[in-house]
Amino acid sequence: MQVLRNEITTGLLVLITIGSLIGLVLYIGAPGVFKKLNTYYVQIDNAAGVKSGAAVNLAGRKVGQIISLQSPVPLKDRPEEFPNYEVLVTIRVEADALVYKKSEVRMVAYGLLSELVIDFTNGDENSGLAQEGHIFIGEREAALSELAPQIIEKLDPLILGLRETLADLRTVASNISNITTEGSEFNLAITRFRTLGDNLVSITSPEGEFTTSLYASMASLKKSMANVEKITNEFNGDDLKVTLANFRSASNDLKNVVQQADSAVSTIKFTLEGLSPELVSAGQNTRQFTDTIKRQPWRVIWPSTKKYPDEGVAADVEIRRALPNNRR
């Protein structure tokens, strides 16, 4: 009887142990058996490194796992705005997890082994909770192999600018080399400037021509000022008054002479104006006399036969007046 009881106890213990193991396996491998789960879908461009059974996190907390992956997705089943997203990932998440319709879904690497997981972040509460079968658009964090081309692409403009800068620096260096080479205009200018400086130094030196000439001019000026001072000292106040009086008298005499000259000129002008009619008449007589000598010189001896234009007209008028009326 005791043996039967022990066998029954052992059998129950084995059954309980097997049931616990089965329940643990189902809880880990198929959590939907014990709690309600929602199935969602995530579309991404590339599923490299993603494995079934990987964790699904909500803001870093595990709320589900990846069930399966499908690739490539037919083109008609892809999002219109993302036609190159050809991987569909099926996930199951706890029903009580607050997964909103508008959320950022990223595939990130966690842990030392950099295992890829799906993480829901920045959910919009106003968009409402996601329903069973909702499709999300996922993003992949760029791996090191993908970051290198992106970094190079962003560095290309900087590298191009650096090349242009180096080309400009090379041109500047070439120009500086051309300027500073022997026989260049810059070196000639420096040489001429040095010559000019030497000339200025030699001119302004105590033994230079400019300094010697300046000292000589200053000595002459000093001597002239001494002579002027000597003259002014010898020229007393009485002599100055006498000189000014003589100068005033001479200026008055000159003024009287000028006035007398103006009066004489006025008199001569008035005399000429009075004689001008007589001079005109004398000129006319002289012209008639020279005409008579030229054409009829005998009229000078016998002038009564000479008729002048004005006299002939007057005589003709008098003769016509003296004639009887019947002869007209």
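Everything numeric here is computed off the predicted structure, so don't read it as measured data.

**Student:** Which residues make up the overall build of the chain, and what values go with them?
**Tutor:** Broken down by element type, the chain carries six helices and seven strands. Secondary structure elements of the chain, listed N to C terminal, follow the sequence α-β-β-β-β-β-β-β-α-α-α-α-α. Looking at the chain residue by residue over its 328 residues, the buried ones come to 16%. Pairs at least 24 apart in sequence give 59% of the contacts found in the chain among residues at least 6 apart. Approximately 25900 Å² of the chain is accessible, and the part contributed by carbon and sulfur atoms is 61%.

**Student:** Any details on the pairing of strand β2 (residues 55-58)? Residues and values, ideally.
**Tutor:** Residues A55 and N57 of β2 are buried on one face, and the alternating residues V56 and L58, pointing to the opposite face, are buried as well. As paired strands, β2 and strand β3 (residues 61-70) are joined by four bridges and run antiparallel to one another. What sits directly across from A55, in β3, is Q65. Counting the residues between successive antiparallel strands, the hairpin from β2 to β3 contains two residues, one of them, A59, with a positive phi of roughly 55°.

**Student:** Explain the packing of aromatic side chains to me, and be specific about the residues and the numbers.
**Tutor:** The description of an aromatic ring pair rests on the distance of the ring centres and on the angle between the ring planes. Scanning all chains against the criterion turns up three aromatic pairs. Relative to F136, the ring of Y40 has its centre 5.7 Å away and its plane inclined at 90°; by these criteria the two rings are edge-to-face. One end of the pair, Y40, is in strand β1 (residues 37-44); the other, F136, is in strand β7 (residues 135-140), with 96 residues separating them in the sequence. Using a relative accessible area of 2% as the deciding quantity, one classes Y40 as buried.

**Student:** How would you summarise a nonpolar patch on the surface if you had to cite specific residues and measurements?
**Tutor:** A cluster of nonpolar side chains, contributed by I203, F210, L214, Y215, M218, L221 and M225, occupies part of the molecular surface with about 740 Å² of accessible area. Sort the elements by how many residues they give to the nonpolar patch and helix α4 (residues 209-234) lands first, with six residues. Examined against the element boundaries, Y215 turns out to sit in helix α4.

**Student:** How would you sum up the sheet that holds strand β5 (residues 104-110)? Please name residues and give values.
**Tutor:** An order of β1-β4-β3-β2-β6-β5-β7 is seen for the seven strands of this closed barrel, with the pairing classed as mixed. Sheet twist, expressed as the average angle between the axes of neighbouring strands with direction ignored, equals 35°.

**Student:** Can you tell me about the nonpolar core, naming the residues and giving the values?
**Tutor:** Within the largest apolar cluster, 23 residues are counted, with the highest numbers of intra-cluster contacts made by V42, I91, V99, I118 and F120. Of all the elements, strand β4 (residues 87-94) adds the most residues to this core, at four residues. Once residues within four sequence positions are removed from consideration, I91 is found in contact with N38, T39, Y40, V42, V56, Q65, I66, I67, I118 and F120.

**Student:** Give a description of unusual backbone geometry that names residues and reports values.
**Tutor:** That bond from S71 to P72 is cis: its omega, -10°, falls within 30 degrees of zero. The backbone of A59 shows a phi angle near 55°, a positive value even though the residue is not glycine. Here A59 shows up in the loop between β2 and β3. Positive phi is not limited to glycine here, since N122 has a value of about 50°. Along the chain, the position of N122 falls in the loop between β6 (115-121) and β7. Among the residues examined, N122 registers a relative accessible area of 58% and is labelled exposed.

**Student:** Can you tell me about the pairing of β5, naming the residues and giving the values?
**Tutor:** Both β5 and β6 contribute to a ladder of seven bridges, which runs antiparallel. Its bridge partner lying in β6, A109 is registered against L116. Pairing of β5 with β7 involves three bridges; the strand directions are parallel. Bridging from a neighbouring strand, V105 pairs with G138 of β7.

**Student:** Please provide a residue-by-residue account of the side chain of R78, values included.
**Tutor:** Examined against the element boundaries, R78 turns out to sit in the loop between β3 and β4. Within polar-contact distance, the side chain of R78 engages the backbone oxygen of V73 at 2.9 Å. Not counting chain neighbours up to four residues away, the residues in contact with R78 comprise Q43, P72, V73, P83, N84, Y85 and E86.

**Student:** Please give an account of the pattern of salt bridges that cites residues and values.
**Tutor:** Any two side chains of opposite charge can pair, so long as their charged atoms come close to each other. Following the criterion strictly, the structure yields two salt bridges and no others. Salt-bridge contacts for D77 lead to K76; the nearest nitrogen and oxygen are separated by 3.4 Å. Its relative accessible area of 41% is what places D77 among the partly exposed residues. Across the salt bridge formed by E86 and R78, the nearest N and O atoms sit 3.5 Å from each other. On the accessibility criterion, R78 (18% relative accessible area) is buried.

Procedures and definitions
Residues numbered from 1 in each chain as written. Predicted model: local features only at pLDDT ≥ 70, side-chain atom pairs only at ≥ 80, totals over all residues. Heavy atoms only, no water. Helix = DSSP H or I, 4+ residues; strand = E, 2+ residues; numbered from the N terminus. Buried < 20%, exposed > 50% of the residue type's maximum accessible area, 1.4 Å probe, protein only. Contact = heavy atoms within 4.5 Å. Areas by Shrake-Rupley, 256 points an atom, 1.4 Å probe, with all protein chains shown as cover. Pairing = 2+ DSSP bridges. Phe/Tyr/Trp six-rings, centres within 6.5 Å; stacked < 30°, edge-to-face > 60°. Patch = residues over 30% accessible without salt bridge, like charges linked within 9 Å, V, L, I, M, F, W, Y side chains within 5 Å. Salt bridge = Lys/Arg side-chain N within 4 Å of Asp/Glu carboxyl O. Axes fitted to C-alpha atoms, helices over the stretch in contact; angles between N-to-C directions. Core = buried A, V, L, I, M, F, W, Y, C linked by side-chain atoms within 4.5 Å. Polar contact = N/O pair within 3.5 Å; in protein donor to acceptor, adjacent residues only side chain to side chain.

The values reported here are purely geometric and, on their own, carry no functional implication.
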